[in-house]
Structure formats: structure tokens, C-alpha cells
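Structural overview for review
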Amino acid sequence: MRYDLSELTLLRCANCGSDLDGLSTDVIFYCSECGRCWISGEQLTPISIEFVRLGGSDSILMPFWKVDASVTIRNRIIRQESSMAARSGFREFTGSERGLAESDTGSRKVRFVFPAFSTGLVLSTGVRMHVENFLPEKTEHGKRFRIIGGSVGKDDAALLARAVALGVEVNRSDFLASVDLEIEVHSAGIYAIGCTPEKQVLKINGSEIGILFAAINDFDEILKQNKDFSD
Ligand SMILES: [Zn+2]
């Protein structure tokens, strides 16, 4: 059970009236009775949820943001490897003399997937997840799932999507000197992605991407609530 401290009311699913469970910091709530997903603000607002890479019985579902956006790169300057040193002299310096060049400007549609739970590795995980194709699986109706730990709200998700977009640019194999990008979010929803605990790492099913348990806030409680639910 979870209480909203400001009003001391039990959070209930606005569709079927079932109790919504979660951690005290959660803002994303999945109703395991009727399968609706809600995000809390001044009131509960519905948000889409899809299930991805469910995995086996040792797998737990973790909440991630799926943000579809247009990324517009207005100005992207790379440093050319062969001409790192700036020439000197009494001439006006231009970018190309300094070995700088513009590359890949323009707009494109991009999907960002990154943790909606609290972790110190949200950006690096988002950049690593960017190269993977996360496609939703068919949801089995009537199957009960639990999704615990979604504490990143929608406004923060939009900010984080921009930061991941910057991280993706920095991570490319050229020598980025500067980039000026804008991001326009078209839609945001929740991906519940199957993850499997392995030694000290929570591994995203079907990938080589893992997140250290120690980097996930409340991980013990997330595991415990998932275990209580499946017992
Ligand atoms: Zn419900």
C-alpha cells in the first residue's frame, strides 16, 4: 500500500480501483489487476506501457522511459585528427584552419530508451541502449506483472532524453569539438523491460548491458517487492 502524504489517501487505480503498490519515491504505477499504467502528479494520468524482453522466471521487469523525439543538430563541429595543432600567424583563424569541420547537421527522428528508476548510471545506460533495437513483445492478457521503482517523472524524462542525445553525439567515433542540438519530444511512454540479476549486475535481457546493483537506489526493496509478488 502506498499513501500520498499530502492527502493521506491510498493510491488506487483510476480504472479498476485496485491498490497501486510501489516505493515511496515512485511516480509510475502499474496496476497488476487491469494492466493500466499511471503516472502521478496532481492526479493520476494514464501512460502507455509495453513489455519488452520478458525473459524467464528469474527475470524482473524494470521501468524504462521510451521517448520518441526529433533531434535537430544545428551545428556540429568535429576536430580533424590529423590537424590537432592550430597554426599560428597574423592571419584570421577560421574553423578549417584549426582542423575543425562541420558534420551531419539536420533533423532526424530518434527513439531514446533509458531507466525510469533511480540510478547513477541513467545517462550511460541510455547511450548504450541507444544502439539496440528494443521492440515490444505481445502482452499476454490477464498475466500479472509487477513494475516497481519508477521514480523518474515525465518532465525529467524529457530533460534526460536531451542529455542522452548529447551523450550519443559525444560517443560517436569522430572527434567532437562542439554540438548544438535541439530536441522536440513527440511522445513518451513506459517500456517494462525484463532484466536478470547476475552476480553484482542487473543485466538487460538480450543485451550485454548491465547496471551495477550498487548504482540502483532502492534495489534491495525493488527485488523484495518483486519476490513478494511472485511468491
Ligand atoms: Zn486497475
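No experiment lies behind these values; they were computed from the predicted model shown.

Reading the values: the criteria
- Residues numbered from 1 in each chain as written.
- Predicted model: local features only at pLDDT ≥ 70, side-chain atom pairs only at ≥ 80, totals over all residues.
- Heavy atoms only, no water.
- Helix = DSSP H or I, 4+ residues; strand = E, 2+ residues; numbered from the N terminus.
- Buried < 20%, exposed > 50% of the residue type's maximum accessible area, 1.4 Å probe, protein only.
- Contact = heavy atoms within 4.5 Å.
- Areas by Shrake-Rupley, 256 points an atom, 1.4 Å probe, with all protein chains shown as cover.
- Salt bridge = Lys/Arg side-chain N within 4 Å of Asp/Glu carboxyl O.
- Pairing = 2+ DSSP bridges.
- Axes fitted to C-alpha atoms, helices over the stretch in contact; angles between N-to-C directions.
- Donors = N, O, S within 2.8 Å, 3.2 Å for Na, K, Ca; no water.
- Tetrahedral: all angles 85-135°; square planar, octahedral: opposite > 155°, others 65-115°.

**What to know about the overall build of the protein chain**
Of the regular secondary structure elements, the protein chain holds three helices and 12 strands. Burial analysis of the protein chain (231 residues in total) assigns 43% to the buried set. Sequence-distant contacts, at least 24 apart, represent 70% of the contacts inside the protein chain between residues at least 6 apart. Approximately 12800 Å² of the protein chain is accessible, and the part contributed by carbon and sulfur atoms is 49%.

**Regarding the pattern of salt bridges**
Per the stated rule, a full pass over the model turns up 12 salt bridges. One salt bridge connects Arg146 with Asp21, and the closest N-O pair in it is separated by 2.9 Å. Here the residue Arg146 occupies a position in the loop between helix 1 (122-130) and helix 2 (154-171), and Asp21 occupies one in the loop between strand 2 (9-10) and strand 3 (28-30), the gap between them amounting to 125 residues. Here Arg146 falls in the buried class, since its relative accessible area comes to 15%. We classify Asp21 as partly exposed; its relative accessible area is 25%. In this structure, the salt-bridge partner of Glu169 is Arg172, at a minimum N-O distance of 3.0 Å. When its relative accessible area of 1% is taken as the criterion, Glu169 is described as buried. For Arg172, a relative accessible area of 27% corresponds to the partly exposed category.

**Points about the sheet that holds strand 3**
Spatially, three strands are ordered 3-4-5 in an open sheet, and the strand pairing comes out antiparallel. Only two strands of the sheet have a single partner each, and these edge strands are strand 3 and strand 5 (44-46). For this sheet the average axis-to-axis angle between neighbouring strands, irrespective of direction, equals 35 degrees. Pairing of strand 3 with strand 4 (residues 37-40), which is carried by three bridges, proceeds in the antiparallel orientation. Looking at strand 4, one finds that Tyr30 is bridged to Cys37.

**Structural notes on the coordination of the zinc ion**
The coordination sphere of the zinc ion contains the protein donors Cys13 (SG), Cys16 (SG), Cys31 (SG) and Cys34 (SG), at a distance range of 2.3 to 2.4 Å. Considering all four donor atoms around the zinc ion, angles at the metal cover 103 to 116 degrees and the coordination shape is tetrahedral. Along the chain, the residues that donate to the zinc ion are spaced as C-x2-C-x14-C-x2-C. With a gap of 18 residues between them, Cys13 in the loop between strand 2 and strand 3 and Cys31 in the loop between strand 3 and strand 4 connect regions that are remote in the sequence. Here the two residues Cys13 and Cys31 agree in accessibility, since each one is buried.

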